Protein chains: 2
Amino acid sequence: MATERPAKLRVFSLNCWGIRFLSQCCAQRYEMIAELLDREQHDVALLQEVWSEKDFLFLKNKLSSSHPHTHYFKSGVIGSGLAVFSKHRIQDALLYQYSLNGYPYMLCHGDWFGGKAVGLVIVDMFGLKAHVYVTHLHAEYSRARDEYLPHRIVQSWELLQFVRHTSCGAGMVILGGDLNMHPQDLGNRLIRAHTGLRDCYTEAATFDGCEDGHTLIADNHFTKKQDLVPFEKGIRIDYILMKGSKRVNVKCESLSTTKGSVADKPFPYSDHESLTAELALIQSEDNRQHGVRNTECSDTVPVSEQMDVVSEARAVIKEGLCQTEVLQAKAMCLIGGGLLLLLLLLAMAFLPCLCSGGHFSFTTVGFLGAVCMIVLLSGALLYLFFATHIKVLKETEDQMKLTSNYLQTKLSWHSVSESSSSDGSLEHQPFKREE
Amino acid sequence: MATERPAKLRVFSLNCWGIRFLSQCCAQRYEMIAELLDREQHDVALLQEVWSEKDFLFLKNKLSSSHPHTHYFKSGVIGSGLAVFSKHRIQDALLYQYSLNGYPYMLCHGDWFGGKAVGLVIVDMFGLKAHVYVTHLHAEYSRARDEYLPHRIVQSWELLQFVRHTSCGAGMVILGGDLNMHPQDLGNRLIRAHTGLRDCYTEAATFDGCEDGHTLIADNHFTKKQDLVPFEKGIRIDYILMKGSKRVNVKCESLSTTKGSVADKPFPYSDHESLTAELALIQSEDNRQHGVRNTECSDTVPVSEQMDVVSEARAVIKEGLCQTEVLQAKAMCLIGGGLLLLLLLLAMAFLPCLCSGGHFSFTTVGFLGAVCMIVLLSGALLYLFFATHIKVLKETEDQMKLTSNYLQTKLSWHSVSESSSSDGSLEHQPFKREE
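Note that this is a predicted model, so its numbers are computed, not measured.

A. Here's a closer look at the pattern of salt bridges. This structure, assessed with the given rule, holds 38 salt bridges over all chains. Between Lys62 of chain A and Glu31 of chain A there is a salt bridge, with its nearest N and O atoms 3.9 Å apart. In this pair, Lys62 of chain A sits in helix H2 (residues 53-62) while Glu31 of chain A sits in helix H1 (residues 26-40), placing the two residues 31 residues apart along the sequence. Here Asp398 of chain B and Lys74 of chain A are joined by a salt bridge, their closest N and O atoms 2.3 Å apart. Of this pair, Asp398 of chain B sits in helix H9 (residues 362-419) while Lys74 of chain A is found in the loop between strand E3 (69-72) and strand E4 (83-86), placing the two residues in two different chains. Note on Lys74 of chain A: relative accessible area 6%, which makes it buried. Among the charged side chains, a salt-bridge network with shared partners connects Arg10, Arg39, Glu40 and Glu278 of chain A.

Okay, here's the thing in structure tokens:
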């Protein structure tokens, strides 16, 4: 095998910006995307923001010969927007919807309605089980005052936990999507440090695309320039990450992005640039020959770095908890207001002397009663909604604490084992009977 | 190693019925449960319906020396009710909240408010990674007209998918909890067939407990006899399931249940009976000697049986989809009613001739407007709520379809490979390069 050429794999990722009737030139752009995918014949195409099932079905129909295997992940009110098109057989699919994903009353943002999630498809590829993840995290609407930061950190944590715990038997792991985070943002560092996934942009032997790998650029016809301030040149928020396994290692040979315009077309595919990664799969015995690193997380990321990034994330979660408790207190005030109104109404009904002037008719009482009900209902719903958020934040913090403690033990064990020349892994202890 | 005694492991599971101010003798029963756990020193205790965090903290405090490692899973509005107490170190925890879990307006049932979920803790046990799952599924309120059946099937599917995909690297797998299903119910068969988990009740070498392993019995002081009809003697809805790995096999040496009353105590621990399983862990090379079966799912459950049970589940999901579409249509009618009322109001406001008699004052319009708002708001919320249910049901059906197709291929491949004397596993194909 060592003399054979490594198997090659092409992965594509694009946020399609497919909001029917709102995104510009939506139907034409889906035509262009279908044409591109059909022509380029990537092994796997990971799409985000395919909000309408009709558009998914249009793509499925157009790509029935180039990509006969598909899965469209359904969650939330309007869907997750996530779709996978594969040349290879999809064996299984699994969806994890993020527990925290904005607020339903923020209609102008709308993230809540698209049940943001991470989808996993297990693809039979070259006789290997490839675990392919596609995701889309909550958007960042203001970098200076990012009220959704705790939400994105919870999502990053759930994403890394999901990948860590479901990728154990994988021959290789690929994660693609719109993470809505800059390369060095906390959530991104958290994901990379705790999954051992490597960024194709930094790992690629050759790169052809926008400056610094940007996927939101000023040169894109659809980009609102004010959304990029203060990063006039652009930002990189879409990624393809990858790692191998004990059996096979993955090397990114090249990465390319679209550059805002498309030859012979009046506009780009989307308001995001697409990514195409070419990966080489190398059997483990050939690794040294091809200069590929070992891909185990514990080997690639120092434990101390993993601990630092968890500590940083825990601080954000704690802040998010305070923030949500304030919101819950406000919902409580709304309920209080409703109850006061109810008391006033009861007083008016049972103490007619209060309305001696006859200004308060039966219908006035009824009107006030209805207003009171609306206030009480909204207050109660918001209170329950924030109660679930508090539970999620506390659960995430507890899980992070467990991980911190485990890493701490691993670190101490590492120091001890180093002095006794062991391999430093807690998992390699012998199976033993305790008395 | 073959001559060594196998390691022993004791697992406990109890639905604690811990609804503060509603469950009878709640505080006294928690005292009794703490006493029992402290005395019995099980390796792992899996508790359900620990609805109040205060009660969890009470147990945590009482069991700080017998079970120093704990995790309390937080989800939904009031929590998942799931708690784990362990003698051994908990290394990591992960929670998967079920996507479908009843209706918030069914206040008398209340399942929706407790975010039903499956919790996973990874426990370092005898140098092995034990993946320990605790769960609680939606209750069955009427066996004859079970409107929650599709919800419980979705939960069973999500549970088995979660277990299958997160237990790959496990040294052994234990699942305990209140599944709210009889042993031969569809969801139960689905879980067993697709995870390879084995029921401790049927596997136990010795059993000491209620007839037929019942965990809800007429002899329990707290049981409402009408809840058992037509199963007067009792039903078995609480389980401990287990399986080993390539490294170690698990054998259930004994299973016991409580029997309704507790010696020297005025009442039982709960309205459910508790389960205690004693498991023996046998290193794989010792299997033949101890007569333990191989635990790989594909070896224990025939593919055709796996396919049959998925087909049955798909039929239930499809029925659930129709049921939910009817509910969504009703929500749409509510919105329609609200809009008609709004039209009437607008007509009254802009066509004063309609209220020529002066019977319709400004406050009457206001009152009707408020009612109209309540109707519209409720209709819209219910519509969105059922829209998410439809998405979940469709996603589950799609996943089941993928699994069916994969099993079909496996079956065909099996027949081919049998004729060519291969091992019949799709995963064991060589890693090969495609042109």
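After that view of the structure, there is still more to cover.
B. Molecular detail of the pairing of E4 of chain A. All names here are of chain A. In E4, alternate side chains face the same way, and those of Ala83 and Phe85 on one face and Val84 and Ser86 on the other are all buried. Across 4 bridges, the pairing between strand E2 (residues 44-48) and E4 is antiparallel. Paired with Leu47 across the two strands is Ala83, which belongs to E4. Relative to E4, E3 runs antiparallel, the two sharing 4 bridges. Note on E4: the bridge partner recorded for Tyr72 is Ala83.

C. Main features of the interface of chain A and chain B. Counting residues at the interface gives 72 residues for chain A and 72 residues for chain B. Carbon and sulfur atoms make up 61% of the area that chain A and chain B hide from each other, which totals about 6400 Å². At the surface where chain A touches chain B, the tally comes to 4 salt bridges. Along the contact surface separating chain A from chain B lie 20 residue pairs in polar contact (both at pLDDT 80 or more). Going through the elements one at a time, E3, strand E5 (90-97), strand E6 (117-125), strand E7 (128-136), helix H3 (149-166), strand E15 (275-283) and helix H10 (362-419) of chain A are the ones with two or more residues in the side of chain A that touches chain B. Here the side of chain A that touches chain B takes 23 residues from H10 of chain A, the largest share from any one element.

D. Fine view of the environment of His88 of chain A. Residue and element names in this part refer to chain A. In this structure, His88 sits in the loop between E4 and E5. Separated by 16 residues in sequence, His88 and Tyr72 place their C-alpha atoms 16 Å apart. At 2.7 Å, the side chain of His88 and the side chain of Asp43 are in polar contact.

E. Representation of the sheet that holds strand E4 (residues 83-86) of chain B. Residue and element names in this part refer to chain B. Here 7 strands make up an open sheet; going across it, the order is E3-E4-E2-E1-E15-E14-E10 and the pairing mixed. Taken across any chain shown, the strands that pair with only one partner, and hence form the sheet edges, are strand E3 (69-72) and strand E10 (206-208). Neighbour-to-neighbour, the strand axes of the sheet open up by a mean angle of 20°, direction not taken into account. Note that strand E1 (residues 7-15) and strand E2 (residues 44-48) share 5 bridges and pair parallel. Following the sheet pairing, Val11 is matched in E2 by Val44. Against the sheet, helix H1 (residues 26-40) engages E1 and E2, with an angle of about 175° to E1. Its contacts with the sheet place helix H2 (residues 53-62) against E2, E3 and E4, and it is angled at close to 175° to E3.

F. Region of interest: the confidence of the model for chain A. Residues and elements named next belong to chain A. Here chain A averages 89 in pLDDT, while 88% of its residues score no lower than 70. Under a pLDDT of 50 for its full length, residues 291-297 has, in the predicted model, 23 contacts with residues more than four places off or in other chains. When the criterion is pLDDT under 50, residues 421-430 qualifies, and its contacts beyond four places in sequence or with other chains add up to 19 contacts. Two summary scores accompany this predicted model of the complex, namely pTM at 0.92 and ipTM at 0.90.

G. Just the relation of the copies chain A and chain B, in detail. Turning chain A through 180° and shifting it by 0.0 Å along the axis lays it on chain B, with an RMSD of 0.0 Å. The superposition of one copy onto the other is thereby described by a two-fold rotation axis. When each C-alpha of chain A is compared by its distance to the rotation axis, Phe367 of chain A comes out closest, at 2.0 Å. With an isologous cut-off of 70% or more, the 100% of interface residues of chain A that recur at the interface of chain B puts this contact in the isologous class.

H. Focus on helix H4 (residues 186-195) of chain B. All names here are of chain B. The buried fraction of H4 amounts to 9 of the 10 residues, a majority that puts the element mostly inside the structure. When we look at burial in H4, the residues that qualify are Leu186, Gly187, Asn188, Leu190, Ile191, Arg192, Ala193, His194 and Thr195. Immediately beyond the C-terminal end of H4, within one or two residues, lies Gly196, with a positive phi of roughly 75°.

I. Region of the structure containing unusual backbone geometry. All names here are of chain A. Note that the residue after Val229, namely Pro230, is joined by a cis bond; omega there is 5°. With respect to the element layout, Pro230 can be found in the loop between helix H6 (225-228) and strand E12 (234-235). The phi torsion at Cys25 lies on the positive side, around 50°, for a residue other than glycine. In this structure, Cys25 sits in the loop between strand E1 (7-15) and H1. Even without being glycine, Phe126 reaches a positive phi, approximately 55°. Along the chain, the position of Phe126 falls in the loop between E6 and E7. Assessed through its relative accessible area of 2%, Phe126 is described here as buried.

J. Looking closely at the packing of aromatic side chains. Residues and elements named next belong to chain A. Within the structure shown, the criterion is met by 29 aromatic pairs over all chains. Seen from their ring centres, Tyr103 and Tyr105 are 5.4 Å apart, and the 15° between their planes marks the pair as stacked. Between the aromatic rings of Tyr103 and Phe385, the centroid separation amounts to 6.4 Å while the plane-to-plane angle is 65°, which identifies the pairing as edge-to-face. In this pair, Tyr103 sits in the loop between E5 and E6 while Phe385 sits in helix H10, placing the two residues 282 residues apart along the sequence. Accessibility assignment for this pair places Tyr103 and Phe385 in one class, buried. Here Arg29 stacks its cationic end above the ring of Phe222, 5.4 Å away from the centre of that ring.

K. Local environment of the nonpolar core. Formed by 40 residues in total, the largest nonpolar core has its most connected members in Tyr133 and Leu159 of chain A together with Tyr133 and Leu159 of chain B. Residue contacts for Tyr133 of chain A: discarding those within four places in its chain leaves Leu46, Val118, Gly119, Leu120, Phe162, Val163, Thr166, Ser167, Val173, Ile174, Leu175 and Gly176 of chain A.

L. Quick peek at the packing of H1 of chain B against H2 of chain B. Residues and elements named next belong to chain B. Contact geometry for H1 and H2: axes closest at 10 Å, N-to-C directions at 35°. As for how H1 packs across H2, the hand of that crossing is right-handed. The segment H1 lies against H2, with Tyr30, Glu31, Ile33, Ala34 and Asp38 engaging Asp55, Phe58, Leu59 and Lys62. A breakdown of the residues in the contact of H1 with H2 according to their chemical character gives 5 nonpolar, no polar and 4 charged.

M. Layout of the packing of helix H3 (residues 149-166) of chain B against H4 of chain B. Residues and elements named next belong to chain B. The N-to-C vectors of H3 and H4 enclose an angle of 15°; their axes lie 9 Å apart at closest approach. In terms of their interaxial angle, H3 and H4 are classed as roughly parallel. Like other packed secondary-structure pairs, H3 and H4 cross with a definite hand, here right-handed. Residues Ile153, Ser156, Trp157, Leu159, Leu160, Val163 and Arg164 of H3 form the contact with H4, whose participating residues are Leu186, Gly187, Leu190, Ile191, His194 and Thr195. Here the residues of the contact of H3 with H4 sort into 8 nonpolar, 4 polar and 1 charged.

N. Structural context of the side chain of Asp92 of chain B. Structurally, the position occupied by Asp92 of chain B is in strand E5 (residues 90-97). Excluding residues that lie within four positions of it along the chain, Asp92 of chain B makes contacts with Gln161, Arg164, His165, Leu402 and Thr403 of chain A together with Leu120, Val121 and Ile122 of chain B.

O. Spotlight on the sheet that holds E7 of chain A. If you walk across this open sheet you meet the 6 strands as E5-E6-E7-E8-E13-E9 (chain A), and the pairing is mixed. Looking at the sheet topology across the chains shown, the edges are occupied by E5 and strand E9 (198-199) of chain A. Relative to strand E8 (residues 172-178) of chain A, E7 of chain A runs parallel, the two being bridged by 7 bridges. The partner of His131 of chain A across the bridge, within E8 of chain A, is Val173 of chain A. Where H3 of chain B meets the sheet, it contacts E5 and E6 of chain A, and its direction lies at approximately 110° from that of E5 of chain A.

What counts and how
Residues numbered from 1 in each chain as written. Chains lettered and ligands numbered in written order. Predicted model: local features only at pLDDT ≥ 70, side-chain atom pairs only at ≥ 80, totals over all residues. Heavy atoms only, no water. Salt bridge = Lys/Arg side-chain N within 4 Å of Asp/Glu carboxyl O. Helix = DSSP H or I, 4+ residues; strand = E, 2+ residues; numbered from the N terminus. Buried < 20%, exposed > 50% of the residue type's maximum accessible area, 1.4 Å probe, protein only. Pairing = 2+ DSSP bridges. Contact = heavy atoms within 4.5 Å. Buried area = accessible area lost by both parts, 1.4 Å probe. Polar contact = N/O pair within 3.5 Å; in protein donor to acceptor, adjacent residues only side chain to side chain. Axes fitted to C-alpha atoms, helices over the stretch in contact; angles between N-to-C directions. pLDDT = per-residue confidence, 0-100. Least-squares fit on C-alpha atoms with pLDDT ≥ 70 in both. Phe/Tyr/Trp six-rings, centres within 6.5 Å; stacked < 30°, edge-to-face > 60°. Lys NZ or Arg CZ within 6 Å of the ring centre and 35° of its normal. Core = buried A, V, L, I, M, F, W, Y, C linked by side-chain atoms within 4.5 Å. Left-handed = near helix turned anticlockwise from the far one by under 90°. Nonpolar A, V, L, I, M, F, W, Y, C, P; charged D, E, K, R; others polar. Parallel < 35°, antiparallel > 145°, perpendicular 65-115°, else oblique.

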